[in-house]
Amino acid sequence: MSIKRRGVLVDTFAGFGGLSLGMEQAGFDVQVAADVEPVNAAVHHHNFSYGKSLCIDLHEDQSEAIRRALPGGTDVDALTMGRPIDAIVGGPPCQGISAIGKKRGDDKRNRLMESFIDHGVRLEAKYLVMEQVPTLLQKQNEGIIDSIRERLHRAGYAMVDPQVLRAIDFGVPQRRERVFLLIHRGDMPAPSYPLPTHGVDGDMFSKTTPTVSDAFDGLPDCDDYPELWDRDWVEIGATIPTGHYGRLMRGLENDADDLSYRRDWNPGVLTCSQRTRHEDKSIERFLATAPGKNEPVSRRHRLDPDGQSLTLRAGSNAEHGSFTAVVPIHTKGTRVITVREGCRLHSLPDWVRLSTSKIAAYRQLGNSVPSRLGQAVGRQIMKALDLAPEAPSEVIPYGPDELLSSTSIRSVSQAA
């Protein structure tokens with residue numbers, strides 16, 4: 001008989017919390033999250049104030065810091081304190097093996113995959129879920145996979161054969177593909193990968209994947225609000241999406257599979273929606289670009305209202321190739337999408353907040369797992385744990401608003 005409790009989760013390389021949210025929707029409590037970027041740790045704590053968000057470098061052994069951050073945590077082993085970690089998840093930086101970038105085998109960020117495994121082993125987690133780019137499974141990276149298997153075997157863990165999962169197969173209006181590595185402790189049953197629940201065309205066995213038009217359903221046009229030139233929020237009053245997906249994102253549709261906490265948010269305020277200024281000649285090029293095609297100068301993709309978005313990317317800094325995240329053009333053709341519109345394409349509900357810096361927020365999106373894809377994986381881990389959590393009744397408050405504009409390590413540590 002399944003145990004009716006929520007799972008205990010640690011999210012490493014957490015970013016703002018895309019995978020955190022997916023796992024929470026599957027029935028896990030995000031007790032600890034860790035990220036090296038202060039802006040990410042700050043925004044994570046704003047959205048997941050019931051846990052601890054740590055700004056720490058996982059190149060180093062941070063096991064003790066994570067143990068202390070667990071509820072009732074001390075330096076004593078987490079298991080003996082009665083606080084077992086059910087799962088550790090994370091997407092270590094992947095630019096060293098990404099399809100874009102320099103793909104250097106000696107890129108030090110590749111070693112963070114080993115760090116992820118080592119932290120899971122030290123913390124004796126029952127399950128580890130690693131997310132990576134699909135190029136990890138290419139022939140030139142076979143040595144990395146073999147090394148991971150050997151490292152796990154020596155530690156008493158095993159890995160299910162890695163598999164590529166497509167976001168569009170799980171109700172996300174974005175053609176994003178990611179590899180997931182499902183890892184289990186030797187005394188725990190192996191988890192299975194989720195089967196698709198959606199399809200672009202839909203059939204008698206699956207639901208129809210939402211389109212870009214479905215994603216933007218019920219969102220006001222930021223061009224109607226001059227206040228959004230200088231800030232990322234504006235009061236809009238009540239807006240009622242008409243479609244199922246828009247209503248889900250707005251929190252107006254009952255979703256029996258969503259076991260996340262409700263947040264104390266104000267649906268009458270449009271957030272994450274600061275406008276972007278474009279030159280007239282850029283707008284002319286945008287309008288001349290057909291939906292579903294790329295604008296030839298900026299290479300921006302104009303979204304097709306009847307299709308799905310291409311992968312929202314994060315880009316990289318000068319040290320690792322200077323690849324800039326190219327924000328897609330809105331379906332109307334006169335501007336790029338807002339961060340909130342990007343959140344909708346990422347299956348993030350409207351209560352989720354990102355950095356008030358557009359550049360940081362776009363980067364947070366591009367580096368994250370769409371929550372509905374993470375939820376599908378999380379439900380499989382929950383089944384392997386033989387847990388049957390129920391939807392919580394608690395309403396979670398946000399962390400301080402200052403965290404959304406914070407880049408200070410001090411403010412993060414104080415808030416957490």
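Look up: the structure comes first, before these words.
Residues numbered from 1 in each chain as written. Predicted model: local features only at pLDDT ≥ 70, side-chain atom pairs only at ≥ 80, totals over all residues. Heavy atoms only, no water.

Visitor: What exactly am I supposed to notice about the packing of aromatic side chains here?
Guide: Each pair of aromatic rings is reported with the distance of its centres and the angle of its planes. Applying the stated criterion to the full structure yields 1 aromatic pair. Each ring, one from Tyr50 and one from Tyr261, has its centre 5.1 Å from the other, and the planes form 50 degrees; the classification is tilted. Of this pair, Tyr50 sits in the loop between α2 (38–47) and β3 (52–55) while Tyr261 sits in the loop between α7 (244–250) and β13 (262–263), and the two are 211 residues apart along the sequence. For Tyr50, a relative accessible area of 23% gives the class partly exposed. (Phe/Tyr/Trp six-rings, centres within 6.5 Å; stacked < 30°, edge-to-face > 60°. Helix = DSSP H or I, 4+ residues; strand = E, 2+ residues; numbered from the N terminus. Buried < 20%, exposed > 50% of the residue type's maximum accessible area, 1.4 Å probe, protein only.)

Visitor: What exactly am I supposed to notice about helix α4 (residues 111–122) here?
Guide: Residues three or four positions apart in an α-helix share a direction because the helix packs 3.6 residues into each turn. The end-to-end C-alpha separation of α4 is 17 Å, in line with the 16 Å expected for 12 residues at 1.5 Å each. Taken together, the buried positions of α4 are Leu112, Met113, Ser115, Phe116, Ile117, His119 and Gly120. Looking one or two places after α4, you find Glu124, whose phi comes out positive at around 55 degrees. (Expected span 1.5 Å × (residues − 1).)

Visitor: In this structure, what is going on with the packing of helix α1 (residues 18–25) against helix α11 (residues 371–385)? I would like to understand it.
Guide: The axes of two packed helices give the description: the angle between them and the distance between them. Orientation of α1 relative to α11, taken along the N-to-C sense of each, is 50 degrees, at an axis distance of 7 Å. The angle between α1 and α11 falls in the class oblique. Seen along the crossing, α1 lies across α11 with a hand that is right-handed. Residues Gly18, Leu19, Leu21, Gly22, Met23 and Gln25 of α1 lie in contact with α11, whose contacting residues are Ser371, Arg372, Gly374, Gln375 and Gly378. The class makeup of the residues in the contact of α1 with α11 is 3 nonpolar, 7 polar and 1 charged. (Axes fitted to C-alpha atoms, helices over the stretch in contact; angles between N-to-C directions. Parallel < 35°, antiparallel > 145°, perpendicular 65-115°, else oblique. Left-handed = near helix turned anticlockwise from the far one by under 90°. Contact = heavy atoms within 4.5 Å. Nonpolar A, V, L, I, M, F, W, Y, C, P; charged D, E, K, R; others polar.)

Visitor: Sorry if this is basic, but what is going on with the nonpolar core here?
Guide: In globular proteins that are soluble, nonpolar side chains generally tend to be buried together. Within the largest apolar cluster, 62 residues are counted, with the highest numbers of intra-cluster contacts made by Phe28, Phe180 and Leu354. Per-element accounting of this core gives the leading share, 7 residues, to α11. With sequence-adjacent residues up to four places away left out, Leu354 is seen in contact with Phe16, Val43, Cys272, Val339, Cys343, Ala361, Gln364, Leu365 and Leu404. (Core = buried A, V, L, I, M, F, W, Y, C linked by side-chain atoms within 4.5 Å.)

Visitor: Would you mind showing me how to read the environment of Met188 here?
Guide: Tracing the chain through its elements places Met188 in the loop between β9 (177–185) and β10 (198–199). Taking the C-alpha atoms as reference, Met188 lies 9.7 Å from Ala158; in sequence the two are 30 residues apart. Residues in contact with Met188, not counting those within four places in the same chain, are Lys126, Tyr127 and Leu385.

Visitor: I'm lost on the environment of Leu136 in this one. Help?
Guide: With respect to the helices, strands and loops of the structure, Leu136 is situated in the loop between β5 (127–132) and α5 (142–155). With 26 residues separating them in the primary sequence, Leu136 and Pro162 have C-alpha atoms 9.4 Å apart.

Visitor: What is the right way to look at the packing of α4 against α5 in this model?
Guide: Close contact between α4 and α5 brings their axes to 11 Å; oriented N to C, the two are set at 15 degrees. The angle between the axes of α4 and α5 places the two elements in the roughly parallel class. The crossing of α4 and α5 is right-handed. The residues of α5 that touch α4, namely those facing Met113, Glu114, Ile117, Asp118 and Val121, are Ile144, Ser147, Ile148, Arg151, Leu152 and Ala155. Each residue belonging to the contact of α4 with α5 can be placed in one class, and the counts come to 7 nonpolar, 1 polar and 3 charged.

The values are spatial; any link to function lies outside them.
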